[in-house]
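Listed below, chain by chain, are the residues.
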Amino acid sequence: TMQSSGHRFRDVEHHPLLADNDTYDSSSSSSSSSEADMADRVWFIRDGCGMVCAIMTWLLVVYADFVVTFVMLLPSKDFWYSVINGVLFNCLAVLALSSHLRTMLTDPGAVPKGNATKEYMDNLQLKPGEVIYKCPKCCSIKPERAHHCSICKRCIRKMDHHCPWVNNCVGEKNQRFFVLFTMYIALISAHALVLCGFQFFSCVRGQWTECSDFSPPVTVILMIFLCLEGFLFLTFTAVMFGTQIHSICNDETEIERLKSEKPTWERRLRWEGMKSVFGGQPSLLWINPFAGFRIRRLLLRGKKGGPEFSV
């Protein structure tokens, strides 16, 4: 259950932050961690439930691809029907899984853990009387619109929610990939349902002769499971996609909406919010989950001694 809007202020503390003799748990991070250091790490949340959900997501997409390819398209006598639908479905599946990976492995906007130190405070050059807040859970300076995630154990900038299906928070830096993930999953679910409809019609008309390389009972069972999966995922991801777009256009996260937090920030116009999340003017890059991905940078991380887990 979501807590009241006053919870945020009970969780934070006013000046002073950490005194010289204060301590905090530095097993996962230290006060010297910087944004640059965090950018060079591979982000991954070691949460059992989230990892199981992420693996299930991949297995369900692989199952759908198997049924569409080997049960419906390859046995079809219409060559171009099979080729066009096969290429389209598999391209959408690759885009969906790529968006899922980037959502899961991208830092959602985590505030450096344990940065609420006197040294860090002095570097901020605060104005006299200026008030800042400290999160007592992760001992970090809490920016405006940041919320603490109990699963990630970090404060996340513009945290929308924690999604177990992507094993990560959806926040300032990975919301675009999450929106693409929901969009592509909804598209392949709709595509699979349409193909199932055509296949059932074709099988019934042909009295199940040469309908599939599998026996009629097995074909029916596989297609029924695919229809159930497609319907459930289409409903869930379409609603989530619409919710995300609505939040972006209103410049309001799901947590802020549920807590009925009064905006203390200047809300962006709808189009400005879209450009802020997706980056720049509208283009094909908006729907490309590979945009901004740098293989060279990933290889350089490996040369530094292998991937590091941020959390």
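A brief look at the structure comes next. (Residues numbered from 1 in each chain as written. Predicted model: local features only at pLDDT ≥ 70, side-chain atom pairs only at ≥ 80, totals over all residues. Heavy atoms only, no water.)

1. Regarding the side chain of T253
Stage number 1. As for its placement among the helices and strands, T253 is situated in the loop between α7 (216-250) and α8 (254-258).
Stage number 2. Exposure remark for T253: the relative accessible area of 5% places this residue in the buried category.
Stage number 3. The residues contacting T253, other than those within four sequence positions of it, are R145, K158, M159 and D160. (Helix = DSSP H or I, 4+ residues; strand = E, 2+ residues; numbered from the N terminus. Buried < 20%, exposed > 50% of the residue type's maximum accessible area, 1.4 Å probe, protein only. Contact = heavy atoms within 4.5 Å.)

2. Side note on the pairing of strand β4 (residues 154-157)
Stage number 1. Neither face of β4 is left uncovered, since the one carrying R154 and I156 and the one carrying C155 and R157 both have all their residues buried.
Stage number 2. When strand β3 (residues 146-149) meets β4, the two strands line up antiparallel, connected through four bridges. From the neighbouring strand, H148 faces β4, where its bridge partner is C155.
Stage number 3. Remark: four residues form the turn of the hairpin made by β3 and β4, two consecutive strands paired antiparallel; K153 in that turn has positive phi of roughly 60°. (Pairing = 2+ DSSP bridges.)

3. A look at the nonpolar core
One broad rule of soluble globular proteins: the nonpolar side chains tend to lie buried together.
Stage number 1. The biggest cluster of nonpolar side chains holds 36 residues, and the ones touching the most others in it are V68, M72, F178, I185, L226 and F278.
Stage number 2. Broken down by secondary-structure element, the contributors of at least two residues to this core are α3 (48-73), α4 (79-105), α6 (175-205), α7 and α9 (270-278).
Stage number 3. Tallying contributions element by element places α6 first for this core, with 10 residues.
Stage number 4. With near-sequence residues (within four places) excluded, I185 lies in contact with V61, A96, F233 and T237.
Stage number 5. W43, C149, M159 and C169 belong to the second-largest nonpolar core, a separate cluster that totals nine residues. (Core = buried A, V, L, I, M, F, W, Y, C linked by side-chain atoms within 4.5 Å.)

These figures come from the coordinates and say nothing about function on their own.
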